[in-house]
Amino acid sequence: MTSERILDAARALFAARGYRATSMQAIADEVGITKAALYYHFESKEEILHQLTMPLLDELEGTLAQAESCDSAEEVRWRAIEGYVDVHLRHRQTLTMLVKDMTLLVQTPVGDRFRAAIGLANELVAGPGGGLEQRVRACQVVAGLADPVVLFRDVPVDRLRSLILDGARALLGEPAAPRPRGRARGRSGGRPAILTEEQIAQARSLYGDGRSVEEIAASFEVSRATLYRHLKI
């Protein structure tokens with residue numbers, strides 16, 4: 001659908017150039033439609049921003065609400081932490097777009113909803129009756145869950161998720177999750193021979209953004225031949 005193509009193009013442009021530096025004409029050009037056709041689907045750039053940010057906020061609020069309903073404080077804490085990470089990883093391009101222009105995070109209602117979600121996440125991680133030390137540590141944990149999603153956006157999702165959660169465990173004084181040992185990554189234990197569908201989509205996006213095949217192959221720990229085979233380039 002044209003509206004979905006517009007949102008995809010706008011999300012990519014906002015993430016690359018910044019919201020304020022991207023014009024409606026630039027979005028129309030990226031989609032390959034006239035500016036008049038763009039305004040037929042969206043009345044303003046602000047409406048496009050609203051449509052892009054609402055899924056992230058809706059999912060984040062829903063995930064935290066589900067975590068809050070869990071029985072034990074420990075389950076609440078980890079459901080909140082893992083859910084917070086997963087939502088941001090699913091919407092990492094939208095998050096990159098918002099961080100690219102930090103002034104967007106102070107706009108209402110986007111800013112108000114983000115602040116409320118972060119506040120709830122802090123409470124759930126700290127747990128009931130937490131003292132100052134627990135609340136400070138909870139703030140540190142929550143603050144460290146989203147930043148790596150933006151700063152290390154070229155790292156495959158599964159690998160980054162694991163590292164972020166290990167960091168949260170370290171801050172909370174808990175042992176890191178056990179790693180499977182001795183598993184061969186390819187037919188002879190070398191580089192993996194295939195990529196998942198999610199990784200293929202990420203690799204195509206990176207290639208479309210101008211990243212070299214060598215860089216992309218290194219980030220996924222595959223050979224260039226494997227990458228060429230999956231991307232068909």
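## Some points on the pattern of salt bridges
Argument step 1. Per the counting criterion, the structure on display carries eight salt bridges.
Argument step 2. We note a salt bridge from R113 to D58, for which the minimum N-O separation is 2.7 Å. You can see R113 sitting in helix 7 (residues 110–126) and its partner D58 sitting in helix 4 (residues 45–68), a full 55 residues away along the chain.
Argument step 3. Taking the shortest distance from any N to any O, the salt bridge between E74 and R77 comes out at 2.7 Å. A residue pair is termed a helical-turn pair when its members lie 3 or 4 positions apart in one helix, as E74 and R77 do in helix 5 (residues 73–90) at three residues.
Argument step 4. The exposure class assigned to E74 is partly exposed, which follows from its relative accessible area of 37%.
Argument step 5. Through salt bridges with shared partners, a single network forms among D58, E61 and R113.

## Comments concerning helix 5
Argument step 1. The first and last C-alpha atoms of helix 5 sit 26 Å apart over 18 residues, in line with the 26 Å expected at 1.5 Å per residue.
Argument step 2. Three or more residues of helix 5 are buried, namely V76, R77, W78, A80, I81, G83, Y84, V85, V87, H88 and L89.
Argument step 3. Summarising the contacts, the buried residues of helix 5 are in contact with helix 4, helix 6 (92–100), helix 7, helix 8 (132–151) and helix 9 (157–171).

## Focus on the environment of A9
Argument step 1. If you trace the backbone, A9 turns up in helix 1 (residues 2–17).
Argument step 2. A C-alpha to C-alpha distance of 9.5 Å links A9 and D29, two positions 20 residues apart in sequence.
Argument step 3. Not counting the four nearest positions on each side in its chain, A9 is found in contact with E30 and V31.

## Some points on the packing of helix 1 against helix 2 (residues 24–31)
Argument step 1. For the pair helix 1 and helix 2, interaxial distance at closest approach is 9 Å and the crossing angle is 120 degrees. What the angle tells us is that helix 1 and helix 2 run oblique. Every pair of crossing elements has a handedness; the one defined by helix 1 and helix 2 is right-handed. Within the contact between the two elements, helix 1 uses R5, I6, A9, A10, L13, F14 and R17 and helix 2 uses A26, I27, E30 and V31.
Argument step 2. Taken together, the residues of the contact of helix 1 with helix 2 sort by class into eight nonpolar, no polar and three charged.

## Considerations on the side chain of H91
Argument step 1. Here H91 shows up in the loop between helix 5 and helix 6.
Argument step 2. In this structure H91 comes out as buried when scored by relative accessible area, which is 14%.
Argument step 3. Not counting residues up to four positions away in its chain, the partners in contact with H91 are P55, L56 and E59.

## A short note on the nonpolar core
Argument step 1. If you look at the biggest cluster of nonpolar residues, it comprises 56 residues, and the most contacted ones within it are I27 and I48.
Argument step 2. At the level of secondary structure, the elements contributing two or more residues to this core comprise helix 1, helix 2, helix 4, helix 5, helix 6, helix 7, helix 8 and helix 9.
Argument step 3. At nine residues, helix 4 tops the list of elements feeding residues into this core.
Argument step 4. Ignoring anything within four residues of it in the chain, the contact list for I48 reads I6, L7, A10, F14, M24, I27, L38 and F42.
Argument step 5. Core analysis: the next-biggest nonpolar cluster, separate from the first, contains eight residues, L195, A203, A217 and V222 among them.

## Description of the confidence of the model for the protein chain
Argument step 1. Averaged over every residue, the pLDDT of the protein chain is 84; residues scoring 70 or more account for 86%.
Argument step 2. pLDDT under 50 marks residues 181–191. Its contacts with residues more than four places away, or in other chains, come to 12 contacts.

## Some words on the environment of F220
Argument step 1. Note on placement: F220 falls in helix 11 (residues 213–220).
Argument step 2. According to the relative accessible area criterion, F220 is buried, its value standing at 6%.

How each quantity is defined
- Residues numbered from 1 in each chain as written.
- Predicted model: local features only at pLDDT ≥ 70, side-chain atom pairs only at ≥ 80, totals over all residues.
- Heavy atoms only, no water.
- Salt bridge = Lys/Arg side-chain N within 4 Å of Asp/Glu carboxyl O.
- Helix = DSSP H or I, 4+ residues; strand = E, 2+ residues; numbered from the N terminus.
- Buried < 20%, exposed > 50% of the residue type's maximum accessible area, 1.4 Å probe, protein only.
- Expected span 1.5 Å × (residues − 1).
- Contact = heavy atoms within 4.5 Å.
- Axes fitted to C-alpha atoms, helices over the stretch in contact; angles between N-to-C directions.
- Parallel < 35°, antiparallel > 145°, perpendicular 65-115°, else oblique.
- Left-handed = near helix turned anticlockwise from the far one by under 90°.
- Nonpolar A, V, L, I, M, F, W, Y, C, P; charged D, E, K, R; others polar.
- Core = buried A, V, L, I, M, F, W, Y, C linked by side-chain atoms within 4.5 Å.
- pLDDT = per-residue confidence, 0-100.

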